[in-house]
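Fold and contact review
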Amino acid sequence: MYEINVYDLRSALKYLNTSGEKIDVIDQQLSADCEIAAHYSAYGAGVPNKSNLNHGNPVIYKNVKGYSVPVLMGLFNSRSTCAKLLGLDHINLGRELSKFVVDGYVPQIMDNPPCQENIVTSDIDIMKVLPILRYTNSSAGPYITMGVVYAQDLETGEEDITIHRLCVQGKDTLTIYLIPGRHIEIFYQKAKKMGKPLPITISIGVDPAIYLASTFSYPVTPLGYNELHIAGALRKNGVKVAKAVTNDAKSIAYSEIVIEGYILPDEMPENTKCVDGDSLPEFLGYIGKAQKSLPIVKVSALTYRNNPIYQTIVGPGSELSNLCGISTEASLYKCIKESVTDKIQNCFCSHSGGGKLLAFLQFIKDSTIDDAKTRQAGIAAFAAFHELKHAFLLDDDINILDERDVLWAMTTRFQGSHSIISIPNLNGHPLDPSQSPEFSSENPIEGTTYKTVFDCTVPYKMKDK
Ligand code: MN
């Protein structure tokens, strides 16, 4: 770990600029309605495995039709940039990051926070101020995709930060997609039972450490663990947070932009033009389906820094795979090391799996029993990260960041007869299209999947060959 002075988006961009990283500035006037997303596709978007590990510079669109606010995309495109922004080494990024999943970095309340330099609480029209992108012609609407949602449990006061997709439905109205079981969804269901709206803030344009911390999920960051502690540990200082102007929630003090509001107990369709229509392009490389019914967010305030930058992301591509995958690597490494074997050396969640469904796990075998322990670790990986589908076990001489090396191991250290452990009818990721009864009669219901360990390691007794 090396010292860097990054605490918000601006200091991150400055740090990249002064350390030789290139940020592309586009002067051409483009519309937030599909034009920027189309232009950007040459940089970062594509099927997950089309982009290499360090694909595309970050891009700033300076001249957005009808807006004075610029749009930033692709900040997390490159794995080495992600590592640099955290002060860590990119080869062992997940392994190094796992050391920062600790307690003790309590967020610090800041008075007069920069994110409240400008405050709008009446006649709110978020699309008037923010160049929120619509990605494709069939998308349900403009989507906020880099909003860190910050909420508290109404009863216990436990806090959580998570990125959720938010579709603009009106001047001061959004829908929020809360996948069941995510911590803010649990807070929301509890508030709904009490008949109360859940106060939230949505922080856009924050310290990259906060974005990466917000992608951790259970069991590594259990219910009640505020992921801001991870960002605080990385920066050796509790994250500065602000009291919201219009509700009891807190926001990230150095955010470029904050939307304050309430998740209402009421719901509406995500795509109001076509209930069976699209949402937006998703991380696994397919266009997502709109949800039939989603909770409504009523906006109570819009606050922002002077000359704010609007940051966003579009799936699929290397940026989304990095954001999803780096915390998954940290989670897998930490759980396997603590609960199964300390012979795990490293872990990489390949972009081919969108960062979530495919993991390459690397081990050093020192004895015959390690053959079994390695396989045990493969099974444990599915408990360490619930959305994982394929776990590859690999030796320490394999470059796990290179899929050619991984497939070489699969060709020469793997037999289809017995190097596979496959477990049927487990809970899969809702966006994987192969887990439906339509794909195979082996899937009894929508959302069930086989999870498979591919043991591509040499048996210990043959290691000297
Ligand atoms: Mn959480």
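Reading guide: rules and limits
Residues numbered from 1 in each chain as written. Predicted model: local features only at pLDDT ≥ 70, side-chain atom pairs only at ≥ 80, totals over all residues. Heavy atoms only, no water. Salt bridge = Lys/Arg side-chain N within 4 Å of Asp/Glu carboxyl O. Helix = DSSP H or I, 4+ residues; strand = E, 2+ residues; numbered from the N terminus. Buried < 20%, exposed > 50% of the residue type's maximum accessible area, 1.4 Å probe, protein only. Contact = heavy atoms within 4.5 Å. Phe/Tyr/Trp six-rings, centres within 6.5 Å; stacked < 30°, edge-to-face > 60°. Lys NZ or Arg CZ within 6 Å of the ring centre and 35° of its normal. Pairing = 2+ DSSP bridges. Donors = N, O, S within 2.8 Å, 3.2 Å for Na, K, Ca; no water. Core = buried A, V, L, I, M, F, W, Y, C linked by side-chain atoms within 4.5 Å. 1 Å grid on protein atoms, 1.4 Å probe; cavity = no way out; pocket = protein on both sides within 12 Å on 5 of 7 lines; lining within 4 Å. Points joined across faces, edges and corners; volume = space filled by probe spheres on them. Nonpolar A, V, L, I, M, F, W, Y, C, P; charged D, E, K, R; others polar. Polar contact = N/O pair within 3.5 Å; in protein donor to acceptor, adjacent residues only side chain to side chain.

**Side note on the pattern of salt bridges**
Once their charged atoms are close, side chains differing in charge can pair, the charge on each being opposite to the other. Evaluation of the coordinates by the stated rule reveals 31 salt bridges. For arginine 305, the salt bridge goes to glutamate 256, with nearest N and O atoms at 3.8 Å. Here arginine 305, found in the loop between strand S17 (294-304) and strand S18 (310-311), pairs with glutamate 256, found in the loop between strand S13 (250-252) and strand S14 (257-268); they are 49 residues apart in sequence, far enough to count as distant. On the basis of relative accessible area, arginine 305 is assigned to the buried category, the value being 10%. Salt bridges linked by common partners bring Asp8, Arg10, Glu256 and Arg305 together as one network.

**A word on helix H6 (residues 183-193)**
Those residues of H6 not exposed but buried are His183, Ile184, Glu185, Phe187, Tyr188 and Ala191. For H6, the elements touching its buried residues are strand S7 (147-152), strand S8 (159-163), strand S11 (198-204), S14 and S17. Looking one or two residues beyond H6, the residue adopting positive phi is glycine 195, at roughly 75°.

**Observations concerning the packing of aromatic side chains**
Within the structure shown, the criterion is met by 6 aromatic pairs. Taking the centre distance of 5.4 Å and the plane angle of 80° together, the rings of phenylalanine 360 and phenylalanine 392 count as edge-to-face. Taken together, the residues span a long stretch of sequence, with phenylalanine 360 in strand S20 (residues 358-363) and phenylalanine 392 in strand S21 (residues 390-395) at a distance of 32 residues. Both residues of the pair, phenylalanine 360 and phenylalanine 392, count as buried. Under the relative-accessibility criterion, phenylalanine 392 is labelled buried at 8%. Taken together, the aromatic side chains of Phe348, Phe360, Phe392, Phe414 and Phe454 make up a single cluster linked through ring pairs. Across from the ring centre of phenylalanine 283, 5.7 Å away, lies the NZ or CZ of lysine 356, which sits over that ring.

**A short note on the sheet that holds strand S3 (residues 71-73)**
The strand order S1-S2-S3-S18 describes an open sheet built from 4 strands, whose pairing is mixed. Only two strands of the sheet have a single partner each, and these edge strands are strand S1 (24-26) and S18. Inspection of the sheet shows S1 paired to strand S2 (residues 59-61) by 3 bridges, in the parallel sense. Its bridge partner lying in S2, aspartate 24 is registered against valine 59.

**Some details on the coordination of the manganese ion**
Taken together, the protein ligands of the manganese ion are Asp160 (OD), His183 (ND1) and Glu227 (OE), with distances of 2.1 to 2.3 Å. Here the donor residues for the manganese ion map to a single chain with the spacing D-x22-H-x43-E. Remark: glutamate 227 occurs in the loop between helix H7 (208-214) and helix H8 (228-235) and histidine 183 occurs in helix H6; sequence separation between them is 44 residues. Owing to a relative accessible area of 6%, histidine 183 belongs among the buried residues under this scheme.

**Things to note about the nonpolar core**
Among the nonpolar cores identified, the biggest contains 120 residues, and Tyr61, Met73, Leu174, Leu198, Leu332 and Leu361 are the most heavily contacted of them. Broken down by element, this core gets its largest block of residues, 9 residues, from helix H9 (residues 318-339). If near-sequence neighbours (up to four positions away) are discounted, tyrosine 61 is found in contact with Ile26, Leu30, Ile36, His39, Tyr40, Pro70, Val71 and Met73. Formed by 13 residues, the second largest nonpolar core is a distinct cluster that contains Phe360, Val406, Ala409 and Cys456.

**Regarding empty space enclosed by the protein**
Counted by the stated rule, this structure contains 1 cavity of 30 Å³ or more. Here the largest cavity defines a volume of roughly 690 Å³. Lining the largest cavity are 35 residues, and of these Ile163, Arg182, Leu320, Cys324 and Lys356 lie nearest its centre. A breakdown of the residues in the lining of the largest cavity according to their chemical character gives 17 nonpolar, 12 polar and 6 charged.

**Here's the deal with the pairing of S11**
Of all 7 residues in S11, 7 are buried; the element is thus mostly enclosed. Going residue by residue along S11, you find Leu198, Ile200, Ile202 and Ile204 tucked away on one face and Pro199, Thr201 and Ser203 tucked away on the opposite face as well. Bridging between S7 and S11 involves 5 bridges; their strand directions are antiparallel. The residue bridging glycine 147 from the neighbouring strand is isoleucine 204, located in S11. Across 7 bridges, S11 lies against S14 in antiparallel orientation. Counterpart to isoleucine 204 in the pairing with S14 is isoleucine 257.

**A word on the side chain of histidine 351**
Checked against the element boundaries, histidine 351 lands in the loop between strand S19 (344-348) and S20. Residue histidine 351 is classed as buried on the basis of its relative accessible area, which comes to 4%. For histidine 351, the side chain forms a polar contact with the side chain of asparagine 322, separated by 3.1 Å.

**Remarks on the sheet that holds S13**
With mixed pairing, the 3 strands of this open sheet are ordered in space as S4-S12-S13. Edge strands, defined here as strands with exactly one partner in the open sheet, are strand S4 (108-109) and S13.

**Comments concerning the environment of alanine 37**
Structurally, the position occupied by alanine 37 is in helix H2 (residues 35-40). Residue class for alanine 37 comes out buried when judged on its relative accessible area of 9%. Alanine 37 sits 276 residues away from isoleucine 313 along the chain, and the two C-alpha atoms are 9.3 Å apart. Beyond its immediate chain neighbours, meaning those up to four positions away, alanine 37 contacts Arg134 and Tyr135.

**With respect to H8**
Most of H8 is tucked away: 8 of the 8 residues are buried. Of all the positions in H8, only Leu228, His229, Ile230, Ala231, Gly232, Ala233, Leu234 and Arg235 are classed as buried. Following H8 by one or two positions, lysine 236 has its phi on the positive side, about 55°.

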